[in-house]
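Okay, here's what each chain looks like letter by letter:
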Amino acid sequence: MLFCTTGIALRMMLCDRPLEGISHIVIDEVHERDTQTDLLIMLVRELLPQRPELRVLLMSATLQADVFSRYFDECPVLNCKGRSYPVTEHFLEDVLTYTGHKLTPDSPCYLADHQHWHKQSFTLHRGQHTAEWQDGGQSINPDYDEARYADRPEGVRTVLRHLNEHVINLDLIIELLAHIDDEHGEGAILVFLPGIADISSLLNSLQVSRRFGDVSAFRVLPLHSSLSPAEQSAVFDTMPPGVRKIVLATNIAETSITIDDAVFVIDSGRAKQMLFDERKQMRRLVDCWISQAEARQRAGRAGRVRPGHVFKLFTRFRGVRAMEVARRPEMLRSPLQELCLQLRLAPLLADYPLRAAFALALDEPPDVAVTAAISSLQRTGALDTNEQLTPLGQHLAALPVDVSIGRLILFGALLRCAEPILLIAAALSDRSPFLSPLARRDEARAAQVCFNKEQSDHLAVLEAHAQWAEAKRTGGNGEGRRFCDRHFLSERTMQGMSDMASQFWQQLAELGLLPAQDRRNAERWEARRRAANENADNPLVLKAVLCAGLFPNVLRAAPGKHVPVLIQQKQSVTIHPSSFNKQQKQFES
């Protein structure tokens, strides 16, 4: 029996004899619809005519079973009763009734006259995604229907009439927390919020609150991916008698982490989702409504230890009628270049043109998206005019990374700066090693700014890793941990960078682009390693490799009145607040 990631299973499907020696394959969490899972399912379906004895089981707690059943020629559907307890649902109109919440005119959630809302539009593979409604000044919620709430108290109708449902109502959440504490029994409360900014705002409000700031009665804990492992693990602690735990989490607590003692869930109905804007050719993290399947997943977190309650901060109409049934498949909101390369590697689809291969998918991307991906790979030199892999394409397809990171790795090997570029590629493939605790954000940034020596966030990561490695070399593992603590670094991420960079080196060695490690002749290996890193200490070469590898995601800095004007593909852009270069007045050429 082999337990493996979806990526490993996909690699097994790309060999000449897919799944040889395997009699059963179980694919879990298929409702998430990421590109790797969808591609694996497509290849497994194409394999079945050649392997009729192969048994395939697709699993999920919230999957649209009929969609997958039809895809596999009306295959049987098995329903297994779960072990979770029943969860009572309460929607926004119920929450407003319980709390008697009043929406004041100065609230950020209040729709005032002459207010102009700007929509965020993204050209996706299938039509347009709009994160807000159309511009225009109006004081009535465009999603409000008087007849729908005729049986509700006037106060509830007044709030719904003027409510901007796209803005997180922190005041309502605090009032709801008080209601749960007053009217319901013991149990931890899990609050789902879209991102770190919302978690930070609510955490600060609760900490200064007379009621929830009492640490003898409440323990308020944030949970998101940029926290250190120690900070994340605090959410699993058992509270002393009389202390209620309140966890403020992103969707990391939806599937990745289970808080066993959660009895109450407050669901904002929002999440950050990575979308690809075809017009700008950029990925952007956008605040979106979740799907009905994700809402069920969140609600299920309340029924782990006993019957629970989920309080949904969106209306019943939105939850049942307006929300998408399931999350939009990643294949329909992401660039397709990497998928094109993997499809060219698949023996099962070797005779298919790429457009015909994509037509086999569970949800077929539109032809315009496939054409754009093919054209991009042909401009890169990864595909020839017949849509077959070139030598460069063979190398890129063999690397289990995004195309731009693959190009970066190849340029690093060719320009003899392998180790630093492989470490940067590893960092780009994982989360940032720079931690930013909510209560010590300024202190963390002051401790980390020393790594920014070349006006480059990529090289700052490299410098932090180099200093950490030196601290470990001279003072042992203990000094390495202390170094990370002093500079607010994730040692797990640092070690992960080293491990992934070693894997990249091994893969490039198998491709003949870097020397393979020779354990029998250490002196010869060291000489070859130094030769592959001849330009490793030259920041100009490293920056050139970064620019070439990550192109066209580069920008031009022009002199401005107070700060540089940054232009990317003829559009003005700004630097993210987490960047070391956010406050830079000028950039060296």
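Residues numbered from 1 in each chain as written. Predicted model: local features only at pLDDT ≥ 70, side-chain atom pairs only at ≥ 80, totals over all residues. Heavy atoms only, no water.

Novice: How do you make sense of the layout of surface pockets when you look at a structure like this?
Specialist: A probe as big as a water molecule, rolled over the atoms, marks out the empty space that is left. Roughly 1,600 Å³ of internal volume is contained in the second largest pocket. Along the wall of the second largest pocket there are 40 residues; nearest its centre are M59, S60, A61, L63 and L78. Secondary-structure elements contributing two or more residues to the lining of the second largest pocket are β2 (55-58), α3 (65-71), β3 (87-90) and α10 (292-300). Here the residues of the lining of the second largest pocket are counted per class, giving 20 nonpolar, nine polar and eleven charged. (1 Å grid on protein atoms, 1.4 Å probe; cavity = no way out; pocket = protein on both sides within 12 Å on 5 of 7 lines; lining within 4 Å. Points joined across faces, edges and corners; volume = space filled by probe spheres on them. Helix = DSSP H or I, 4+ residues; strand = E, 2+ residues; numbered from the N terminus. Nonpolar A, V, L, I, M, F, W, Y, C, P; charged D, E, K, R; others polar.)

Novice: Would you mind showing me how to read the packing of aromatic side chains here?
Specialist: Any aromatic ring pair is given by two values, namely how distant the centres are and how the planes are angled relative to each other. What the rule picks out here adds up to nine aromatic pairs. Arranged with centres 6.4 Å apart and planes meeting at 80°, the rings of W289 and F314 form a pair that is edge-to-face. Here the residue W289 occupies a position in strand β11 (residues 282-289), and F314 occupies one in the loop between β12 (308-312) and α11 (316-322), the gap between them amounting to 25 residues. A relative accessible area of 22% places W289 in the partly exposed class. The structure contains a cluster of three or more aromatic residues connected by ring pairs, namely F434, F451, F483 and F580. (Phe/Tyr/Trp six-rings, centres within 6.5 Å; stacked < 30°, edge-to-face > 60°. Buried < 20%, exposed > 50% of the residue type's maximum accessible area, 1.4 Å probe, protein only.)

Novice: Just to check I follow, could you spell out the sheet that holds strand β6 (residues 188-192) for this structure?
Specialist: Strands in a sheet are paired, the pairing made by backbone hydrogen bonds, and the direction either parallel or antiparallel. Across the sheet, which stays open at both edges, the six strands sit in the order β3-β12-β9-β6-β8-β7 with parallel pairing between neighbours. The open sheet has two edge strands, β3 and β7 (218-223), and neither has a second partner. With direction set aside, neighbouring strand axes in the sheet form an average angle of 20°. Sheet topology note: the β6/strand β9 (residues 262-267) ladder contains five bridges and is parallel. Counterpart to L190 in the pairing with β9 is V265. Set on the sheet, α10 makes contact with β3, β6, β9 and β12; between it and β9 the angle comes to about 150°. (Pairing = 2+ DSSP bridges. Axes fitted to C-alpha atoms, helices over the stretch in contact; angles between N-to-C directions. Contact = heavy atoms within 4.5 Å.)

Novice: Which parts of the structure should I look at to understand empty space enclosed by the protein?
Specialist: One pass over the full model with this rule turns up four cavities of 30 Å³ or more. The volume enclosed by the largest cavity comes to roughly 130 Å³. Surrounding the largest cavity, 13 residues form its lining, E165, V167, I168, N169 and L313 being those nearest its centre. Class assignment of the residues belonging to the lining of the largest cavity gives a composition of eight nonpolar, three polar and two charged. Considered as a void within the structure, the second largest cavity measures approximately 60 Å³ in volume. Taken together, V30, H31, R33, T62, L63, Q64, F68, A293 and A326 make up the full set of residues lining the second largest cavity.

Novice: Mind showing me how you'd approach the nonpolar core here?
Specialist: Across soluble globular proteins, nonpolar side chains have a tendency to be buried as a group. Residues L349 and I409 are the most contacted members of the largest nonpolar core, which totals 89 residues. Sorting elements by how many residues they give to this core places helix α19 (residues 457-486) first, with nine residues. Each residue touching L349, except ones within four places of it in the same chain, is listed here: M42, L43, E46, L343, R344, A357 and L360. Formed by 38 residues, the second largest nonpolar core is a distinct cluster that contains V159, L163, I189 and F264. (Core = buried A, V, L, I, M, F, W, Y, C linked by side-chain atoms within 4.5 Å.)

Novice: Got a minute to help me understand the confidence of the model for the protein chain in this structure?
Specialist: Note: predicted coordinates in regions of low pLDDT should not be interpreted at a detailed level. Overall, the predicted model of the protein chain reaches an average pLDDT of 88, with 92% of residues at or above 70. Predicted confidence for residues 114-122 stays below pLDDT 50, and this span has 39 contacts to residues more than four positions away or in other chains. Low confidence marks residues 132-137, where pLDDT is under 50. Its contacts with residues over four positions away, or in another chain, come to 24 contacts. (pLDDT = per-residue confidence, 0-100.)

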